[in-house]
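The lines below spell out each chain.
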Amino acid sequence: MTLLQVMAAGNAADVRVRTTDDTVIAAELATHGITFDRWPALEDAAATSSDDLLAHYADRVAELNDSGRYKHIDIARIHPDDANPEWPAIAKGAREKFLNEHRHAEDEVRYFAAGRGCFYLHLGDEVLAVVCEGGDLLSVPAGTLHWFDMGTRPDFIAIRFFEEEDGWVGDFTGDRISEGFPTLDELLTAS
């Protein structure tokens, strides 16, 4: 379920907007210079190789990158592996990597081919939690304060677009604001 929840930055309980309507989500994000779009999701994305996924979305990727701005386009995958006793530690480490507020020197552009994750965008006196799922494209402008939660059981495939090879590296602010907001799992179970 794609979801937008807008909360006061100083009080997460002050929910100003909560919607699953793609049109409302796109319009609200656009007022902040954030692009939200939907591409048709491939039903068997998890069983499709990364090369085949990139080939499947080649026309859309080319359209998005028509200026040639993105020099590095790849796929990030993480899936539960209950047969691996190290999986819980791997999942925890992956999740904790971006749970604190940070920014990037370039736009953060992600297309979720499958699964889900939540971007929390700290925009002045509001925090916008955007739960993205398979089919969602989100482009967050460079310098935007944010954090990302992939949930306690991470499971997603995302096409990532970078101008520079290290474009994914975050500049962490040290602000612990993320600790006062609902997690991805909590957002999904809230009514």
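If you're wondering where the values come from, they're calculated on a predicted model, not measured in any experiment.

Definitions and cut-offs
- Residues numbered from 1 in each chain as written.
- Predicted model: local features only at pLDDT ≥ 70, side-chain atom pairs only at ≥ 80, totals over all residues.
- Heavy atoms only, no water.
- Helix = DSSP H or I, 4+ residues; strand = E, 2+ residues; numbered from the N terminus.
- Rg over C-alpha atoms; globule rule 2.2 N^0.38 Å.
- Buried < 20%, exposed > 50% of the residue type's maximum accessible area, 1.4 Å probe, protein only.
- Contact = heavy atoms within 4.5 Å.
- Areas by Shrake-Rupley, 256 points an atom, 1.4 Å probe, with all protein chains shown as cover.
- Lys, Arg positive; Asp, Glu negative; His and termini not counted.
- Charge placed at Lys NZ, Arg CZ, Asp CG, Glu CD.
- Salt bridge = Lys/Arg side-chain N within 4 Å of Asp/Glu carboxyl O.
- Polar contact = N/O pair within 3.5 Å; in protein donor to acceptor, adjacent residues only side chain to side chain.
- 1 Å grid on protein atoms, 1.4 Å probe; cavity = no way out; pocket = protein on both sides within 12 Å on 5 of 7 lines; lining within 4 Å.
- Points joined across faces, edges and corners; volume = space filled by probe spheres on them.
- Nonpolar A, V, L, I, M, F, W, Y, C, P; charged D, E, K, R; others polar.
- Phe/Tyr/Trp six-rings, centres within 6.5 Å; stacked < 30°, edge-to-face > 60°.
- Patch = residues over 30% accessible without salt bridge, like charges linked within 9 Å, V, L, I, M, F, W, Y side chains within 5 Å.
- Core = buried A, V, L, I, M, F, W, Y, C linked by side-chain atoms within 4.5 Å.
- Arc of directions from axis to C-beta.

Chemist: Sorry if this is basic, but what is going on with the overall build of the protein chain here?
Modeler: The secondary structure content of the protein chain amounts to five helices and eleven strands. Compactness check: the protein chain gives a C-alpha radius of gyration of 16 Å against a globular reference of 16 Å for 191 residues, within 12% of the reference. For the protein chain, the spread of C-alpha atoms along the three principal axes comes to 45 × 45 × 30 Å. Buried positions account for 45% of the 191 residues belonging to the protein chain. Within the protein chain, counting contacts between residues at least 6 apart in sequence, those at least 24 apart form 76% of the total. Here the protein chain displays about 9300 Å² of accessible surface, and carbon together with sulfur accounts for 48% of that area. Averaging the positions of the 16 positive and the 36 negative side-chain charges in the protein chain gives two centres separated by 3 Å.

Chemist: What should I look at first to understand the pattern of salt bridges in this one?
Modeler: Two side chains with opposite charge may pair up if their charged atoms get near one another. Counted according to the given criterion, the structure contains 14 salt bridges. One salt bridge connects aspartate 149 with arginine 95, and the closest N-O pair in it is separated by 2.6 Å. One end of the pair, aspartate 149, is in strand β9 (residues 145-149); the other, arginine 95, is in helix α4 (residues 87-96), with 54 residues separating them in the sequence. Notably, a salt bridge pairs arginine 103 with aspartate 171, separated by 3.2 Å at the nearest N-O pair.

Chemist: Teacher, can you tell me more about the side chain of threonine 2 here?
Modeler: As for its placement among the helices and strands, threonine 2 is situated in the segment before β1 (3-8). Within the local environment of threonine 2, its side chain forms a polar contact with the side chain of aspartate 136, the two groups lying 2.6 Å apart.

Chemist: Help me understand the layout of surface pockets in this model?
Modeler: To find leftover empty space, a probe the size of one water molecule is rolled over the atoms. By volume, the largest pocket is sized at about 380 Å³. Lining of the largest pocket is provided by 18 residues; of these, Ala76, Phe98, Met150, Phe156 and Arg160 occupy positions nearest its centre. When residues of the lining of the largest pocket are traced back to their parent elements, those giving at least two are β4 (72-78), β6 (108-123) and β10 (156-162). Considering each element in turn, the lining of the largest pocket owes the most residues, four residues, to β6. Within the lining of the largest pocket, the residues separate by chemical class into eleven nonpolar, two polar and five charged.

Chemist: Help me understand the packing of aromatic side chains in this model?
Modeler: The geometry of an aromatic ring pair comes down to the distance between the two centres and the angle between the two planes. Inspection of the entire model under this criterion finds twelve aromatic pairs. These aromatic residues form a ring-pair network of at least three members: Phe112, Phe119, Phe148 and Phe156.

Chemist: Explanation requested: a negative patch on the surface in the structure shown.
Modeler: Judged by side-chain charge, Asp37, Asp59, Glu63 and Asp66 come together as a negatively charged surface patch. If you trace the backbone, glutamate 63 turns up in helix α3 (residues 58-64).

Chemist: Explain the nonpolar core here, please?
Modeler: The nonpolar side chains of a soluble globular protein tend to be buried with one another. Ranked by internal contacts, the top residues of the largest apolar core, which has 25 residues, are Leu29, Leu121, Leu138 and Phe156. Among the secondary structure elements, those contributing two or more residues to this core are β1, α1 (22-30), β4, α4, β6, β7 (126-133), β8 (136-140) and β10. No other element matches the four residues that β6 contributes to this core. The contact partners of leucine 121, leaving out residues within four places of it in the chain, are Leu29, Ile34, Glu126, Val127, Leu128, Val130, Val140, Thr144, Leu145 and His146.

Chemist: How should I be thinking about α4 in this particular structure?
Modeler: Spacing of three or four residues puts side chains on the same side of an α-helix, whose turn is 3.6 residues. What α4 keeps buried is the set Trp87, Ala91, Ala94 and Arg95. Each buried residue of α4 lies within a common arc of 100 degrees when the element is viewed along its axis, so the set occupies one face. Facing away from the buried surface of α4 by more than 90 degrees, the exposed residues are Ala89 and Lys92. Buried residues along α4 sit against β4, β9 and α5 (184-189).

Chemist: I'm lost on the side chain of aspartate 136 in this one. Help?
Modeler: Looking at the element boundaries, aspartate 136 is found in strand β8. For aspartate 136, the side chain forms a polar contact with the main-chain nitrogen of glutamate 133, separated by 2.8 Å. Those residues in contact with aspartate 136 that sit more than four places away from it in its chain are Thr2, Phe36, Asp37, Arg38, Arg110, Tyr111, Phe112 and Val131.

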